Every structure is written in C-alpha cells, then in structure tokens.
There are 2 protein chains.
Amino acid sequence: MSEAAKPPVYYELKHVCAQTGARRGVVHTPHGSFETPAFMPVGTQATVKGMSPEELKGMGTGIILSNTYHLWMRPGPDIVQAAGGLHRFMNWDRAVLTDSGGFQVFSFSDRKHISEDGVQFKSHIDGSRQLLTPEKSIAIQNQLGADIIMAFDECTPYPASREYIKPSLERTGRWLERCISSHQRPQDQALFGIVQGGMYEDLRQESARITTAFNLPGFAIGGLSVGEPAELMYRMLDATVPLLPANKPRYLMGVGSPDYLIEGSLRGIDMFDCVLPTRIGRNGTVMTSHGRLIVRDARYARDFTALDDHCDCYVCQNYTRAYIRHLLKAGEIFGLRLTTWHNLHFLLHLMEEVREAISQDRLRDFRNEFFAAYGYVS
Amino acid sequence: MSEAAKPPVYYELKHVCAQTGARRGVVHTPHGSFETPAFMPVGTQATVKGMSPEELKGMGTGIILSNTYHLWMRPGPDIVQAAGGLHRFMNWDRAVLTDSGGFQVFSFSDRKHISEDGVQFKSHIDGSRQLLTPEKSIAIQNQLGADIIMAFDECTPYPASREYIKPSLERTGRWLERCISSHQRPQDQALFGIVQGGMYEDLRQESARITTAFNLPGFAIGGLSVGEPAELMYRMLDATVPLLPANKPRYLMGVGSPDYLIEGSLRGIDMFDCVLPTRIGRNGTVMTSHGRLIVRDARYARDFTALDDHCDCYVCQNYTRAYIRHLLKAGEIFGLRLTTWHNLHFLLHLMEEVREAISQDRLRDFRNEFFAAYGYVS
C-alpha cells in the first residue's frame, strides 16, 4: 500500500468528550460513511439473521460484519465474486467488514493444528481437511469484496500463559506482514491489523507496537471478551488504546453487551460487533432500558405492554409481550424477527445515545445513568 | 340475525365477464373492503408465516385467514380476547376470517370420534381430550373477533361413499342451525355457511339447498381440493355455484394453486385460501410465470437472475436465485422470508390479473394464456 494513496477507509474526528476523553467521529468507506462509536450487526452468512437490508437501514445501520469462514465454506467465495461481490450478492449498499476466518478455525480447538504457515482444521460442513493461511484469508476477502477486511491473526484463548501468548502475538505480527504483502485490492479494501497479547498489559503493548508499525487504515483489538472478567478487559483496553494512532478507526472485536459498548466507547473505541443481540433475540431474550427480559416466560402470557416502554422501535410501537411470547412459543418466524429487530434497534439506539453524550461532554454521567436503569452493578 | 339489520359483511358486484360469467366485485367488512376474486393468505397462528402485516399490505392483501383450532390450543381465545381481539393481537387492521376448527379436528382421523353433539379428539399440543361442537366453535370465534367466521361442519374425506356423505351433510346442516343460534356477535361478525356433499352432484345440491335456506351473509364450498382429480372438483363447482345467492360472497375453501384459482374464478367464486404459497416457499419452491421452480436445486447456485423475470415484487427486484438458494441451504430465516414473499405476491398479483381480465371480458383468454406459459396441460 503506497504511503501517498488515500486509503479507502479513513477516520474523521468530530468531538472529544471533555468528561471522559471518548471520541465521536465518522468513518468513511467506499460504501458510505457511518458515525462512531458504532455497533456493527453481524451477518454471518451474508444475512443478518432474520432481517432485511431495508430494516437494518431503517434503524440506522451503517456497516455490517460478515464472516469469511462461513462464506468460504458456503456458498464459496467464487460465487460471491461472480455475483459482483458481497454487497451485490446480499443487496446491501452500505459498508461491510469481513473478519479473517481465524476466529472460527481457532474455535475448533479439538480439530485444529497451528503452524507458522497457518491453521489446519476440519470443515464444519463436510468434515474435509482445510488449511487457512494469511494469504488464503486475504485472497478470500479480496474475492468477497468488503470495504474493511481483517488481518489473519490468532485469537488466543483465556486463560493462557505468557509462554503461550508471546510467541503467538509475534507470529500474528509475521502473519500481518504476509497479509499486507498478499492484499490485492488496497485501493478499495482497507486492511485492519489486530492487536493480541492475551491478558498481559506488556504483551498487549508489544503487540500494539508490532501492529501499528504498519501504516494501516485501521486497527482492531482482538482476543478480549473471551471469558475474562470485565475489569480485566478494561485494563487491557487501558493499556492498548493509547498506543493506537488517533487518526485511524479502532475496532474492539466481538463485543456487544451494553456495558462493554459503553465502557469501550469511554476508552476510545470506535467500532464494535457481536452476535449477542441477534442470538439472544432468537432465544427469546430482549434487552430493555430496565435490563434483560425473557419474553418467553409464562409471566408475560397476558402482558399487553411493549417489550420496552421507553423504546420507539417498530416492534415496541406495534406488538405486545403477550403476542411476541405466543409467536416464540408457537415457533413462528415472525417472533424471531421481532425480538431480533428490537435488540438490534436497542444497541444501535444505545450507540446514538453514546455519541450524543460524547458531544455533550457527559459520557461518564450517561454511563452511570444507563447502568443504574439497566441494573448493572457500577 | 335479524332480516332487517345490514350484515357486517356484504358483497358489491362490479362486473360480470361476458366471456365466462365470472364476476368481479368488492366485499365490505368492518375492517375495510377487498376486491374479488381474492386470495386470502393463511395466518394459522395469528401470523402469516414469515411475513409482517406491513409486507402483506404492501402486496395488496385485503383479508387473511386464521385458524380457530390453533388459536384455541395456543395461546387460547381468552388471551386473544383480552388483547382486544385477533386484529389488535396481531397488529392487522384489515379483514380477518377464521375457520371453524373443524378441518383440523377432522384431519386427526385416527384420534377423533364424531357424534351428533360434535367431535371428540386429542390436542396436538398436550394430547388432552377435547370436544369441539358447533356452539364451542362459534364461542371461540366470537372471542377471536374475526370479521368473517365459519360454521362448524364436517369436511368429508375423499373418497367417501354416498352412504357416508348424505348423513354427514345433513348433520352439517343441523350444526349450522346450532351455529346460527349460538352466534353472539352477528352485528359485527358475519357467519358463513358451508356447502358439503362429497363428490356427488346431487348431494352437493342438497347441501346447497339446506345451507342457503338460512339468510347468511356469505356461503362457502368445503370438502373440495382434498385429493380428487381437478375435473371432478370443477364438476362439483358447476353443480353448486349456481345454487348460491348472487348477492353474497362465495368462498372456495382450501384452494390456492394457480389453476384452481383461475378455474374457480371462472365458475363464480369470490374468495380462496390456501397454505400452498407459504408452505412450498418454506420448502424452497417458488411459483413463476413459467411454472414452479425449486430454487434449492444445485443448478441455481450461480444463477444471478431473479426468481421470475416477469415479476416486479420486492424479491425479484433485489435478489437472485443464487443468493436465495444460498440462504435456504444455509438455513437462514431471510431465505424463507423471500420465497414466502414472492409466492404470496405471485398469487395476489395473479388475482389482480384475473380481476382485470374479468373487467375486460376475457377471462377465458387469460386462463389459456396463463396455462400455456405456466406449463399446465389445458
């Protein structure tokens, strides 16, 4: 990637919260711009489960994430490329980010083998033996054509020893160099590097130095929200974020609970993604301004109020807990649509409130008010 | 029901096709009017599987059908009544028709017992022993609050002997009298009687005479499309429809394939319902102007054309066969939404074309053109 060329994705700072140092901005991409801090709904298999593109746009979604591993296995990157790329394949004209596939293959802990070359694993579709390398991940992501693509890294487990983490983050650094070398579309796809380092502040900092040595258009923090206590994650963020360049977007991977979104924003994160809102929605749990609510519960059988009395989404304006419970109990698709819709709206609206609180230099106050109402222990 | 009171549902004739005698009209209900001949999407459990009310309205749905048996079992009519009735429960402000529950309990052929009183059967939810009678069916339908409710009848199987059919249709006539007597909301719910009679023209006519002896706001033909050859069904329609009053809507129950919709309209039918478009859609089959297409098939993996090149629905304007196939193979909800959407649009659009052909006195010509393009043997 030439130093002189304008990157396809770039960050524009709008305001820094005087109370917290959190930042509000805009990320510009070849498929439109989105305000940050931003939550990215996850469309694993080229669809955000249950939702249409128009519905996602209607609630203000500016970028979605899709999974390289899943699209590689099915329908295959050749078909997505032949369709004209992921945007056209799935009828989504706003920004898309693809992950590297690494998270999925590293999650198959009993069926993988890691080497300097890459990771050998077995397909979850047909059990066939596959090899994922930095070059392969980038080649697939070049075929898929997302606006932001991710470096192939090892997302290290928790807990893990220093002795495991240190060589892993060094290998992730070498893999990053291979990702950059093999990237064929730097003019219209922004490659983000990923900081690892487990739960060790000095190793996080070492990984941040290795990663930011490359002049990439954005940086991510991976390997967090993998089972560690919240305070430990926050310490890792505090150790890492200050080392990331201020003029590039910062993406905290796999994070989507309301407390993590707010605490991450407080610490200078710009982008988040998580399957949480769609996954718990399909299981009959919704997020409300008063905390989580399991709408499948029998107690809601005759509750003709909205999921959240403070919510102005389509679901809360038109449907009752009793009806949604009925749909879920009856196994009706529309029930999953409604809980998914509400949960995504809840998080996208939360990020609007976070951005507004940053503009008003009161994100700490907002955090305290939200935590109290939601029932989080501060 | 008083002779003088204006019925809650009434038929307005607009035009009779000079070529065929088919009729175009409007049915007026307490929740709006719909043009006929009309197809009614089925919302078994207070939702048309996969679809939102707004989507149904957007494609011109004026009335949906919901199933009394299913709503009785779950969530129970008390909950629907407490919600303010079926319309409010499911956020549907256009017309609703409920069936009597008879079709479902008679379908449980190995677990039912028919008597003069009604039908004993076992619940499909918990196996509990239940009794459905004319009075019970009407009481539940009064609680659900649909605009059109159906008499409790025996939908006789095919094949069945004259010796079985004749006492059954006579009992259905006696049950109709009990339905009328127990109906508590004739001012805002229109009770339709149902003609039975198996596949015997004279018994169809006898049932029609028994049923139309009551001054009801509409009449249905039941017990057809139960496995008999198409020509036999058409003969039964030819024997029955002329005996139904011309100033009342005529409803052919459980019919929804394109050929049956056109042939039924040709014979003077105004209303149809069927799970076909939603059910085959969920199984990966769509209807097109060139006939059925199994979009799950491997041959469509790289087919980047629309489901139907003649269709202007949301699905055909925005998605390819390859993408929809991918979604279906991957088990994604959005795939079911798209196939269901297209199929419903296809039938609702077909009925628009049928109505237009009636207005232009060329329904026979339209039928021949459609059959040739769809691949039906004429």
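One can find the structure itself at the top, above this paragraph.
Residues numbered from 1 in each chain as written. Chains lettered and ligands numbered in written order. Predicted model: local features only at pLDDT ≥ 70, side-chain atom pairs only at ≥ 80, totals over all residues. Heavy atoms only, no water.

Asks: Would you take a moment to explain the overall build of chain A for this structure?
Replies: Within chain A one finds 15 helices and 16 strands. Relative to the 2.2 N^0.38 estimate, which gives 21 Å for 378 residues, the radius of gyration of chain A is 20 Å and therefore close to what a compact globule would have. Along the longest, intermediate and shortest principal axes, the C-alpha atoms of chain A span 60 × 50 × 40 Å. Here chain A, with 378 residues, has 62% of them falling under the buried criterion. In chain A, of all internal contacts separated by at least 6 residues, the share reaching a separation of at least 24 is 65%. (Helix = DSSP H or I, 4+ residues; strand = E, 2+ residues; numbered from the N terminus. Rg over C-alpha atoms; globule rule 2.2 N^0.38 Å. Buried < 20%, exposed > 50% of the residue type's maximum accessible area, 1.4 Å probe, protein only. Contact = heavy atoms within 4.5 Å.)

Asks: How do you make sense of the interface of chain A and chain B when you look at a structure like this?
Replies: You'll often see interface size given as the accessible area lost when the parts meet. At the interface, 38 residues of chain A touch 38 residues of chain B. Contact with chain B buries surface across chain A, with A:H326, A:E332 and A:I333 losing the most and accounting together for 18% of the total. Between chain A and chain B we count four salt bridges in total. One salt bridge connects B:R337 with A:E55, and the closest N-O pair in it is separated by 2.8 Å. At the junction of chain A with chain B, the criterion picks out 20 residue pairs in polar contact (both at pLDDT 80 or more). The set of elements that each furnish at least two residues to the side of chain A that touches chain B consists of α1 (53–58), α3 (77–82), α4 (86–90), α12 (314–318), α13 (321–329) and α14 (333–359) of chain A. The leading source of residues in the side of chain A that touches chain B is α13(A), at five residues. (Buried area = accessible area lost by both parts, 1.4 Å probe. Salt bridge = Lys/Arg side-chain N within 4 Å of Asp/Glu carboxyl O. Polar contact = N/O pair within 3.5 Å; in protein donor to acceptor, adjacent residues only side chain to side chain.)

Asks: What's the story with the layout of surface pockets in this structure? I'm lost.
Replies: Rolled over the atoms, a probe sized like a water molecule indicates the empty space that remains. Counted as a void, the largest pocket has a volume near 900 Å³. Contributing to the lining of the largest pocket are 46 residues, with A:D99, A:F103, A:Q104, A:S107 and A:G254 lying nearest its centre. Here the element with the most residues in the lining of the largest pocket is helix α5 (residues 102–107) of chain A; it accounts for five residues. When its volume is computed, the second largest pocket comes out at roughly 680 Å³. Along its surface, the second largest pocket is lined by 31 residues, and B:F103, B:Q104, B:G254, B:D273 and B:V275 are the ones closest to its centre. Of all the secondary structure elements, the ones that give two or more residues to the lining of the second largest pocket are α5 (102–107) and α11 (276–282) of chain B. Looking at the lining of the second largest pocket, the element that brings in the most residues is α11(B), giving five residues. Here the lining of the second largest pocket is built from residues that sort into 13 nonpolar, twelve polar and six charged. (1 Å grid on protein atoms, 1.4 Å probe; cavity = no way out; pocket = protein on both sides within 12 Å on 5 of 7 lines; lining within 4 Å. Points joined across faces, edges and corners; volume = space filled by probe spheres on them. Nonpolar A, V, L, I, M, F, W, Y, C, P; charged D, E, K, R; others polar.)

Asks: Explanation requested: the relation of the copies chain A and chain B in the structure shown.
Replies: Mapping one chain copy onto the other needs a rotation about an axis and a shift along that axis. Between the two copies, chain A and chain B, the superposition gives an RMSD of 0.0 Å; the rotation angle is 180° and the shift along the axis is 0.0 Å. Look at the turn and shift together and you get a two-fold axis relating the two. When each C-alpha of chain A is compared by its distance to the rotation axis, A:I333 comes out closest, at 3.6 Å. Mapped onto chain B, 100% of the interface residues of chain A are again interface residues, and the two copies thus contact each other with one and the same surface. (Least-squares fit on C-alpha atoms with pLDDT ≥ 70 in both.)

Asks: Help me understand the sheet that holds strand β8 (residues 119–122) of chain A, please; the structure alone is not making it clear to me.
Replies: As a general point, the strands of a sheet are linked pairwise by backbone hydrogen bonds and lie either parallel or antiparallel. All names here are of chain A. What the three strands build is an open sheet, ordered β7-β8-β9; its pairing is antiparallel. A strand with exactly one partner marks an edge of an open sheet, and here the two such strands are β7 (113–114) and β9 (129–132). Pairing of β8 with β9, which is carried by four bridges, proceeds in the antiparallel orientation. Bridging from a neighbouring strand, Q120 pairs with L131 of β9. (Pairing = 2+ DSSP bridges.)

Asks: Would you mind going over the sheet that holds strand β1 (residues 10–16) of chain A with me for this structure?
Replies: All names here are of chain A. Strand order across the open sheet formed by three strands is β1-β2-β3, with antiparallel pairing between neighbours. Every other strand in the sheet has two partners, leaving β1 and β3 (32–36) as the edge strands with one partner each. Put simply, the sheet's adjacent strands are angled 20° from each other on average, direction ignored. Of the strand pairs in this sheet, strand β2 (residues 23–29) and β3 are connected by five bridges, and their pairing is antiparallel. Paired with T29 across the two strands is G32, which belongs to β3. (Axes fitted to C-alpha atoms, helices over the stretch in contact; angles between N-to-C directions.)

Asks: Explanation requested: the packing of aromatic side chains in the structure shown.
Replies: We describe a pair of aromatic rings using the distance from one ring centre to the other and the angle between the two ring planes. Overall, the coordinates contain 35 aromatic pairs over all chains when judged by the stated rule. Considering the side-chain rings of B:F370 and B:Y374, the 5.2 Å spacing of their centres and the 20° angle between planes classify their relative orientation as stacked. In this pair, B:F370 and B:Y374 both sit in helix α15 (residues 363–374), four residues apart, roughly one turn of the helix. A residue is classified by how much of its surface remains accessible, and B:F370, at 9% relative accessible area, is buried. Members of the aromatic cluster, joined through ring pairs, are A:F89, B:Y314, B:Y319, B:Y323, B:F334 and B:W341. Above the plane of the ring of A:Y11 lies A:R23, whose end atom (NZ or CZ) is 4.0 Å from the centre. (Phe/Tyr/Trp six-rings, centres within 6.5 Å; stacked < 30°, edge-to-face > 60°. Lys NZ or Arg CZ within 6 Å of the ring centre and 35° of its normal.)

Asks: Explain the packing of helix α8 (residues 201–212) of chain A against helix α9 (residues 230–240) of chain A here, please?
Replies: Geometry of a packed helix pair, given as the angle between the helix axes and the separation of the axes. Residues and elements named next belong to chain A. At their nearest, the axes of α8 and α9 sit 9 Å apart, and the two run at 40° to each other. It follows from the interaxial angle that α8 and α9 lie oblique. Note on packing geometry: the crossing formed by α8 with α9 is right-handed. Packed against α8, whose contacting residues are E201, R204, Q205 and A208, the element α9 presents R235, M236, A239 and T240 at the interface. A per-class count over the contact of α8 with α9 returns three nonpolar, two polar and three charged. (Parallel < 35°, antiparallel > 145°, perpendicular 65-115°, else oblique. Left-handed = near helix turned anticlockwise from the far one by under 90°.)

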